There are 2 protein chains.
Amino acid sequence: MSVEKMDKKKTLDLRKKHIGPSCKIFFSHDPIKIVQAKGQYMYDENGQRYLDCINNVAHVGHSHPDVVKAGAQQMELLNTNSRFLHDNLVLYAQRLQATLPNKLSVCYFVNSGSEANDLALRLVRQYRGHKDIITLENAYHGHVSSLIDISPYKFHQLSDAEQNQSVHVAPSPDVYRGKYRANHPDPATAYADDVKGIIDKAHEKGGKIAAFIAESLQSCGGQVIPPVGYFQQVAKHVRKAGGLFIADEVQVGFGRVGSKFWAFQLQGEDFVPDIVTMGKPIGNGHPMSCVVTTKEVAEAFMTSGMEYFNTFGGNPVSCAIGLAVLDVIEKEDLQGNALRVGGYLTNLLEKQKEKHALVGDIRGCGLFVGMELVRDRLKLTPATAEAQEVIYKLKEQHILLSADGPHRNVLKFKPPMCFSTEDADLVVEKIDHILTEIEAALGLKSSNLLSVENDSGKRKLPTDENGHQSQNGSVHSRGSGQRAHEQTKQSKRLRS
Amino acid sequence: MSVEKMDKKKTLDLRKKHIGPSCKIFFSHDPIKIVQAKGQYMYDENGQRYLDCINNVAHVGHSHPDVVKAGAQQMELLNTNSRFLHDNLVLYAQRLQATLPNKLSVCYFVNSGSEANDLALRLVRQYRGHKDIITLENAYHGHVSSLIDISPYKFHQLSDAEQNQSVHVAPSPDVYRGKYRANHPDPATAYADDVKGIIDKAHEKGGKIAAFIAESLQSCGGQVIPPVGYFQQVAKHVRKAGGLFIADEVQVGFGRVGSKFWAFQLQGEDFVPDIVTMGKPIGNGHPMSCVVTTKEVAEAFMTSGMEYFNTFGGNPVSCAIGLAVLDVIEKEDLQGNALRVGGYLTNLLEKQKEKHALVGDIRGCGLFVGMELVRDRLKLTPATAEAQEVIYKLKEQHILLSADGPHRNVLKFKPPMCFSTEDADLVVEKIDHILTEIEAALGLKSSNLLSVENDSGKRKLPTDENGHQSQNGSVHSRGSGQRAHEQTKQSKRLRS
């Protein structure tokens, strides 16, 4: 293809010479050179097509023409900072606000999810002068200094990890592998009570809680879906301590979860965070992000006397692109597509779970789905190497998938939102073959089937909101928050 | 103009409702709505043209067609993350590297000057495990938490400012208003010795120096130009303590200083920082930035075991835009233009200093020029209100200028690099009229003329490298680093 400017070896050599080595490249022993992309497909320098199951940044599809056009047209006219009045800034803020609960009405536009979460920390620390932050186990909130401190996913990688004294780590509300599991009578309350315990301990040491921060659904942490009611109870405890609730929607916002526009809304309409941070999908790849908060929090921040100015944040081009992304989501009903195709994909994966001993859990909402591989369904021994093998074999067959979670054994699906049922069929068919091969080679199947049966024996299958039998007990919310809530209560009942 | 989508009042109302109030708008009692811009001109909703003397982000001119085209074409093809190989990333890194000393060979692409400086802090702190940072008085390095700590310009705004224990503030090397002035025999050594003193004190308290960070020329700090030789001596002291030197070029890089591509190069060819951070002009408004460092620092960062990945950083669109910006600088000889027009502007402003008692100092390099207003040339009483008046009156005449520095009395010129001598004539003519009016109203002129004369009597005018008499004794470097060095030595001699 003419869009290639040098051969792959030369690209790789120059990269080794001039690009910081701390950024891992996909498939580092044989990396992919991508020169073009459209929708949910990427193309390498030889024109080979790859099905993209992982790029949640290219939210409305790679190089969507409407988004490209909006960006190009605005670039031609004007791109300047927000110290001047501009309609795009306020129109976009208004439009974004309309997707959120009323009280979340004030926007700060910044350039990355990291800048958004860092600003959120500044907002909560200014609010009442409290400093302590409660974060979740395996959480990842960004790459700037302040966020490494609140990202166990990152700071545990450090050889000389030293946890910041004002940061407290609560258990991940993971009902599959976490402290309280599906067989617990009320994991939401149990996990929230742990947060309460952390607050009490912090108070004993003289700490004051500024905020609890969590991704509405943990992404790098292993596609973890918190039990419904957890956020409400945590918010109650945190607010009682004078703190605020930050919902990090950087990975999962903008309709990805299908039944709702924001993932925190899966917890029910009675839950409203004090701050929502956004990023990745917001500009379909254009660097932009946003913090939305309440008037009270914004006013408290202003009383600090310190100005907040962001050179690029909220520029007319970013806002034009942001508006185009919202238009496409609506026009192409991508949230609806996420709900439908996500449901379809989850069902296919559930069938894989019935068939393959290596599949421990399927959990997801819309087009945010995790498939956790284990060597033993009772001990939950992570099948890390097997997950890597799936990823590599899929790549050979031109499908891009990745594995994450603390044990790197969760296959994660977060494709562009135009992903189709045919795409789902294709990737699951390939996974089926690969798992069959791996299991045959390992002789795993027979020994694990017993565990599978034991496991199945303990669970009864809940029905979804349409009365169809669902294949899993995890929180796969297909309907409204209320339905999700009922479904989860039902799951809990059936699992216990 | 059709590009306006609502009337100005409505824009302002929506902004009040939905945009964080901590961002000050220009001319807040009567803000400007800009809908279009081209080159060094901006246009409001009524088609009124404004001459832009301040937007150093629109480096090669607002909405430059080559930059727009490069961005639009790449957006159409592909915009994805740097975990895939892409030619734009490595070509841009290679091209950027070619503008720098050889040992600065490894790039990290990020999204804003703030992300760049934060990453620089992470690099230096990882390098030897040292934590202490030495920063300059009035410095501004960005808006994320870690940078507020090292930005006295910001943290002094806080009512409850509490200086981080590992941050040390050195005197600003300001030879006009600072601790050691033009009449000091060797201000470079004196200011560097102060840094040495800070290191010694930090060591006494058990601190270990990770880095010294400075803008190559202080911008928000008041367009301060450090005496030549200062950085070399500071670097020697800091490296002896195991620390690194970070040159922050976010405001002043990419040819703005005229005689050099990077402002740190004004110190002479014997000075090479360990890390250079870049931002604002790099993408002509597109959110991007970069950290460049040595192989040794990059390798030390990798040994921490922590990956560094930046979702948007170094994407193919940003890199295409970055390449186009470099092309335009070269093709249109904008660095040469900065040298020529900057010199012309500085000479015009020097004439204003001869004429107006309110003008205390003119200092600049290329198209980065400061005009400091004082009520008394001996006491250097800042003429803050007068500076504001100049700014506001210029705005009435459709010229955009701003005032900065710790006393907000330095008129700062940092226009798009296509600024012309006609533009310089226009703005200086207007300033002349405004200063005449202000001085007449205040009756300042006669009383201050005495100070002016005293001041002039003490100074002899140095000649520039072409033998022409220069109008100021400040470091206005028109030639090579060596020439700048000689000129400064000469200035020092003549001033003392």
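Residues numbered from 1 in each chain as written. Chains lettered and ligands numbered in written order. Predicted model: local features only at pLDDT ≥ 70, side-chain atom pairs only at ≥ 80, totals over all residues. Heavy atoms only, no water.

1. Observations regarding the overall build of chain A
Here's step 1: Check the secondary structure of chain A and you find 15 helices and 15 strands.
Here's step 2: Buried positions account for 68% of the 496 residues belonging to chain A.
Here's step 3: As displayed, chain A has an accessible area near 16900 Å², and 50% of this comes from carbon and sulfur atoms. (Helix = DSSP H or I, 4+ residues; strand = E, 2+ residues; numbered from the N terminus. Buried < 20%, exposed > 50% of the residue type's maximum accessible area, 1.4 Å probe, protein only. Areas by Shrake-Rupley, 256 points an atom, 1.4 Å probe, with all protein chains shown as cover.)

2. Points about the confidence of the model for chain A
Here's step 1: Predicted confidence across chain A gives a mean pLDDT of 90, with 88% of residues reaching 70 or more.
Here's step 2: Residue range residues 446-496 of chain A is modelled with pLDDT below 50. Its contacts to residues more than four positions away, or to other chains, number 96 contacts. (pLDDT = per-residue confidence, 0-100. Contact = heavy atoms within 4.5 Å.)

3. Some details on the relation of the copies chain B and chain A
Here's step 1: Rotating chain B by 180 degrees and translating it 0.0 Å along the rotation axis places it on chain A, where the RMSD comes to 0.0 Å. What the rotation and shift describe, once combined, is the action of a two-fold rotation axis. Closest approach to the rotation axis within chain B is made by the C-alpha atom of B:Ala72, at a distance of 2.6 Å.
Here's step 2: When the interface residues of chain B are mapped onto chain A, 100% of them are again interface residues, pointing to one common binding face. (Least-squares fit on C-alpha atoms with pLDDT ≥ 70 in both.)

4. Considering the sheet that holds strand 14 (residues 399-400) of chain B
Residues and elements named next belong to chain B.
Here's step 1: Ordered in space as 1-2-3-14, the four strands form an open sheet in which the pairing is mixed. The open sheet has two free edges, formed respectively by strand 1 (34-38) and strand 14, since each of these has just one partner strand.
Here's step 2: Bridge count for strand 1 against strand 2 (residues 41-44) is four bridges, and the pairing is antiparallel. Paired with Gln36 across the bridge in strand 2 is Tyr43. (Pairing = 2+ DSSP bridges.)

5. Description of the packing of helix 2 (residues 65-77) of chain A against helix 2 (residues 65-77) of chain B
Here's step 1: Where helix 2 of chain A contacts helix 2 of chain B, the axes come no closer than 10 Å and their chain directions differ by 175 degrees. It follows that helix 2 of chain A is roughly antiparallel to helix 2 of chain B by the angle criterion. Residues A:Val68, A:Gly71, A:Ala72, A:Met75 and A:Glu76 of helix 2 of chain A touch helix 2 of chain B, and the partners they reach there are B:Val68, B:Gly71, B:Ala72, B:Met75 and B:Glu76.
Here's step 2: Grouping the amino acids of the contact of helix 2 of chain A with helix 2 of chain B by side-chain chemistry returns six nonpolar, two polar and two charged. (Axes fitted to C-alpha atoms, helices over the stretch in contact; angles between N-to-C directions. Parallel < 35°, antiparallel > 145°, perpendicular 65-115°, else oblique. Nonpolar A, V, L, I, M, F, W, Y, C, P; charged D, E, K, R; others polar.)

6. Observations regarding the interface of chain B and chain A
As a measure of interface size, the accessible area lost when the parts come together is often cited.
Here's step 1: Counting residues at the interface gives 98 residues for chain B, matched by 99 residues for chain A.
Here's step 2: Counting the surface lost from both chain B and chain A, the interface buries some 9000 Å², and carbon and sulfur atoms represent 61% of this.
Here's step 3: When the buried area of chain B at its contact with chain A is split by residue, B:Phe84, B:Leu85 and B:Phe312 rank highest and sum to 9% of it.
Here's step 4: Measuring nitrogen to oxygen at the nearest pair gives 2.7 Å for the salt bridge that ties A:Asp87 to B:Lys33.
Here's step 5: For the pair chain B and chain A, the interface holds 58 residue pairs in polar contact (both at pLDDT 80 or more).
Here's step 6: With eight residues, the top contributor of residues to the side of chain B that touches chain A is helix 3 (residues 87-97) of chain B.
Here's step 7: Here the side of chain B that touches chain A is built from residues that sort into 47 nonpolar, 34 polar and 17 charged. (Buried area = accessible area lost by both parts, 1.4 Å probe. Salt bridge = Lys/Arg side-chain N within 4 Å of Asp/Glu carboxyl O. Polar contact = N/O pair within 3.5 Å; in protein donor to acceptor, adjacent residues only side chain to side chain.)

7. Description of the pattern of salt bridges
Here's step 1: What the rule picks out here adds up to 49 salt bridges over all chains.
Here's step 2: One salt bridge in this structure joins B:Lys103 and B:Asp274, with 3.7 Å as the shortest N-O distance. Of this pair, B:Lys103 sits in the loop between helix 3 and strand 4 (106-110) while B:Asp274 is found in the loop between strand 8 (244-248) and strand 9 (275-278), placing the two residues 171 residues apart along the sequence.
Here's step 3: Overlapping salt bridges, with partners in common, bring together A:Arg177, A:Asp361, A:Arg363 and A:Glu372 in one network.

8. A look at empty space enclosed by the protein
Here's step 1: In the structure shown here, the tally under the stated rule is 14 cavities of 30 Å³ or more.
Here's step 2: For the largest cavity, the lining is made up of 17 residues, of which A:Met75, A:Asn79, B:Val67, B:Asn284 and B:His286 are closest to its centre.
Here's step 3: When contributions to the lining of the largest cavity are tallied by element, the ones reaching two or more residues are helix 2 and helix 10 (316-331) of chain A together with helix 2 and helix 10 (316-331) of chain B.
Here's step 4: Sort the elements by how many residues they give to the lining of the largest cavity and helix 2 of chain B lands first, with three residues. (1 Å grid on protein atoms, 1.4 Å probe; cavity = no way out; pocket = protein on both sides within 12 Å on 5 of 7 lines; lining within 4 Å. Points joined across faces, edges and corners; volume = space filled by probe spheres on them.)

9. Some points on the pairing of strand 12 (residues 368-376) of chain B
All names here are of chain B.
Here's step 1: Judged by how many residues are buried, strand 12 sits mostly within the fold: eight of nine residues are covered.
Here's step 2: Note that strand 11 (residues 359-365) and strand 12 share six bridges and pair antiparallel. If you follow Val359 over to strand 12, its bridge partner there is Leu373.
Here's step 3: As consecutive antiparallel partners, strand 11 and strand 12 are separated by two residues, and within that stretch Gly366 has a phi angle of approximately 55 degrees, a positive value.
Here's step 4: Summarising the sheet, strand 12 and strand 16 (residues 410-413) pair through four bridges and their orientation is antiparallel. Within strand 16, the position partnered with Val369 by the bridge is Phe413.
Here's step 5: The pairing of strand 12 with strand 13 (residues 381-382) spans two bridges and is antiparallel. Across the sheet, the residue bridging to Val374 is Pro382, located in strand 13.
Here's step 6: Counted along the chain from strand 12 to the antiparallel partner strand 13, the turn is four residues long, and its residue Leu380 has a positive phi close to 60 degrees.

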